[in-house]
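Descriptive analysis of the structure
Read off the chains here:
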Amino acid sequence: MKNNVEKTFSTGEFAKLLEINKDTLLYYDKIDLFKPAGTHPNGYRYYTFEQFDQFVAIQSLRTVKLPIKELKTYFEAPNIQALQHLAIEQRDRVAVEIQKLQDIQFFLERVVTLTKEMEDVCFGKVIIKKLQEEPVVYSEEKIDWSVSMEALYDSCTHFLKTLGVKSTAAHGVVYSKEAFLKGDVEGLNYLFCRLDNASARKKPAGHYAIIYHQGSYDEIYKAYSALLKHLENECFELDGDIYEEYLLHSMVAKEEKDYITKISVKVKSFEVN
């Protein structure tokens, strides 16, 4: 049996139930968007449980910035078809906002990861580290080193945009082992990005030689020289492509001389006769 005495809530009680400031209820009442269920004989407004879902709907739609005018128009004559249309339209808008937030989250997570990595960097020193297999995507076209730096930058930006990632993604240049050993700058050199998609290839697990270079790109040859010398002294040889990765460059330094580049390559030991 239905209770003839319906539970009512004062403005403050209803606001507490909804976990909002009661000023929001007063404002919505003022603009005729969401009004109290009625008024007690003593003049105090009251709300009921039946209004809970309606208010939650209004707040949800306001969160995605649906204009108050459209909300008022709908609630003047609510119906299933109009509600469905409204929900579909706002669902698509929310999907766009979610993607934006995911992009921001990716950016922040990448920045945290890189800045933590850079805290322990010892420039010019080669370390050998065991790494897990990971997916990487190579650019479809080779790098044209004959163009200007501006054109190279544009190519990199276009590559990342095509993949749908931001500039903070792990990216750089990859040199094939064969081209690198031959000193062939025009050889099989591509842009790369750490990304798991349909076109990704596997960067194999194994031991990698890693060296960090701080300075302009014109001086990066010093890091490569130190890397190769260390591998020779420690009886290691190259066992895969060479990855030249740019670590936040202009985000952490104003001048090119302070830019940090990470060079890594899979290696294996060899026996000395």
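See above for the structure.
Residues numbered from 1 in each chain as written. Predicted model: local features only at pLDDT ≥ 70, side-chain atom pairs only at ≥ 80, totals over all residues. Heavy atoms only, no water.

**So, the overall build of the chain**
Cut-off, in case you're wondering: Comment: elements are numbered from the N terminus, with helices defined as DSSP H or I runs of at least four residues and strands as E runs of at least two. The atom set for the radius of gyration is the C-alpha atoms, and the globule formula is 2.2 Å times the number of residues raised to the power 0.38. To sort residues, take the accessible area from a 1.4 Å probe on protein chains only and compare it with the maximum for the residue type: under 20% means buried, over 50% means exposed, and anything in between is partly exposed. Contacts were defined at the residue level, with two residues in contact if any of their heavy atoms lie within 4.5 Å. Here, Shrake-Rupley sampling with a 1.4 Å probe gives the accessible areas, and only protein chains in the shown set may cover a residue.
A tally of helices and strands in the chain yields nine helices and 11 strands. Taking 19 Å as the expected radius of gyration for a compact globule of 273 residues, we find that the chain reaches 30 Å, considerably beyond that expectation. Oriented by its inertia axes, the alpha-carbon framework of the chain measures out at about 100 × 40 × 35 Å. Taking all 273 residues of the chain together, 35% fall into the buried category. In the chain, 72% of the contacts between residues at least 6 apart in sequence involve partners at least 24 apart. Accessible surface computed for the chain: about 17,900 Å², of which carbon and sulfur atoms make up 53%.

**Things to note about the pattern of salt bridges**
A side chain of one charge can pair with a side chain of the opposite charge when the charged atoms of the two come close. To keep it simple, the criterion reads: Salt bridge criterion: a side-chain nitrogen from Lys or Arg within 4 Å of a carboxyl oxygen from Asp or Glu.
Going through the model one piece at a time under the given rule, you end up with 15 salt bridges. One salt bridge in this structure joins Glu 117 and Lys 262, with 2.9 Å as the shortest N-O distance. With a gap of 145 residues between them, Glu 117 in helix H5 (residues 80-119) and Lys 262 in strand S11 (residues 260-269) connect regions that are remote in the sequence. The partner of Glu 219 in a salt bridge is Lys 222, and the shortest N-O contact between them spans 3.9 Å. For Glu 219, a relative accessible area of 35% corresponds to the partly exposed category. Under the relative-accessibility criterion, Lys 222 is labelled partly exposed at 44%.

**Observations regarding the pairing of strand S6 (residues 171-175)**
The cut-off we apply is this: By the convention used here, strands pair only if DSSP detects at least 2 bridges between them.
Burial runs high along S6: five of the five residues are buried. Pairing analysis gives five bridges linking S6 to strand S7 (residues 189-194), with the strands arranged antiparallel. Counted as the bridge partner of Tyr 175 is Asn 189 from S7. Pairing geometry for S6 and strand S10 (residues 236-246), over four bridges, is antiparallel. Looking at the pairing, Val 174 lines up with Tyr 243 of S10.

**So, the sheet that holds strand S5 (residues 134-138)**
Our working definition: Note on geometry: axes are lines fitted to C-alpha atoms, helical ones only across the stretch in contact, with angles between N-to-C directions running from 0 to 180 degrees.
Across the sheet, which stays open at both edges, the eight strands sit in the order S4-S9-S11-S10-S6-S7-S5-S8 with antiparallel pairing between neighbours. Two strands lie at the open edges of the sheet, namely strand S4 (127-131) and strand S8 (201-203), each paired on one side alone. Direction aside, the axes of adjacent strands within the sheet are offset by 40° on average. The sheet contact formed by strand S9 (residues 206-214) and S11 spans seven bridges and is antiparallel. The residue of S11 that forms the bridge with Ile 210 is Ser 264. Of the strands in this sheet, S6, S9, S10 and S11 are in contact with helix H8 (residues 221-233), which crosses S9 at around 145°.

**Description of the sheet that holds strand S2 (residues 38-39)**
On the basis of which strands lie adjacent, the open sheet formed by three strands has the order S1-S3-S2 and antiparallel pairing. The sheet is open, and its two edges are formed by strand S1 (8-9) and S2, each paired on a single side. Across two bridges, the pairing between S1 and strand S3 (residues 45-48) is antiparallel. By the bridge assignment, Phe 9 is partnered in S3 with Tyr 47.

**Notes on the packing of helix H1 (residues 11-18) against helix H2 (residues 22-30)**
Which entries qualify depends on this criterion: Any angle from 65 to 115 degrees is called roughly perpendicular, while one under 35 is roughly parallel, one over 145 is roughly antiparallel, and all others are oblique. In this scheme the crossing of two helices becomes right-handed for a clockwise turn of the near helix relative to the far one and left-handed for an anticlockwise turn of less than a right angle. Gly is put with the polar residues, along with every residue not named as nonpolar or charged; the nonpolar set is Ala, Val, Leu, Ile, Met, Phe, Trp, Tyr, Cys and Pro, and the charged set is Asp, Glu, Lys and Arg.
Remark: H1 packs on H2, axes separated minimally by 8 Å, with the N-to-C direction vectors making an angle of 115°. When the axes of H1 and H2 are compared, the pair comes out roughly perpendicular. Helix-helix and strand crossings are classified by hand; for H1 and H2 the assignment is right-handed. For the pair H1 and H2, contact is made by Thr 11, Gly 12, Phe 14, Ala 15 and Leu 18 and by Lys 22, Leu 25 and Leu 26, respectively. Looking at the contact of H1 with H2 residue by residue, the class counts come to five nonpolar, two polar and one charged.

**What about the packing of aromatic side chains?**
What counts, and what does not: Between rings of Phe, Tyr and Trp, where Trp is taken as its six-membered ring, a pair exists when centres lie within 6.5 Å; planes separated by under 30 degrees are stacked, by over 60 edge-to-face, and by other angles tilted.
Considering all chains together, one arrives at 15 aromatic pairs under this definition. Between Phe 9 and Phe 14, the aromatic rings sit 6.1 Å apart at their centres with planes inclined by 45°, giving tilted as the arrangement. Per residue, the accessibility class of Phe 9 equals that of Phe 14, and both read buried. A ring pair is formed by Phe 180 and Tyr 224, whose centres lie 5.4 Å apart and whose planes are at 45°; its orientation type is tilted. Taken together, the residues Phe 180 in helix H7 (residues 177-182) and Tyr 224 in helix H8 connect sequence positions 44 residues apart.

**Here we look at the nonpolar core**
Selection criterion: Buried residues of nine kinds, namely Ala, Val, Leu, Ile, Met, Phe, Trp, Tyr and Cys, make up a nonpolar core once their side-chain atoms join them within 4.5 Å.
Counting 27 residues, the largest nonpolar core has Ala 209, Tyr 224, Leu 227, Ile 242, Ile 263 and Val 265 as its most contacted members. Counting 17 residues, the second largest nonpolar core, distinct from the first, contains Ala 15, Ile 58, Leu 66 and Leu 71.

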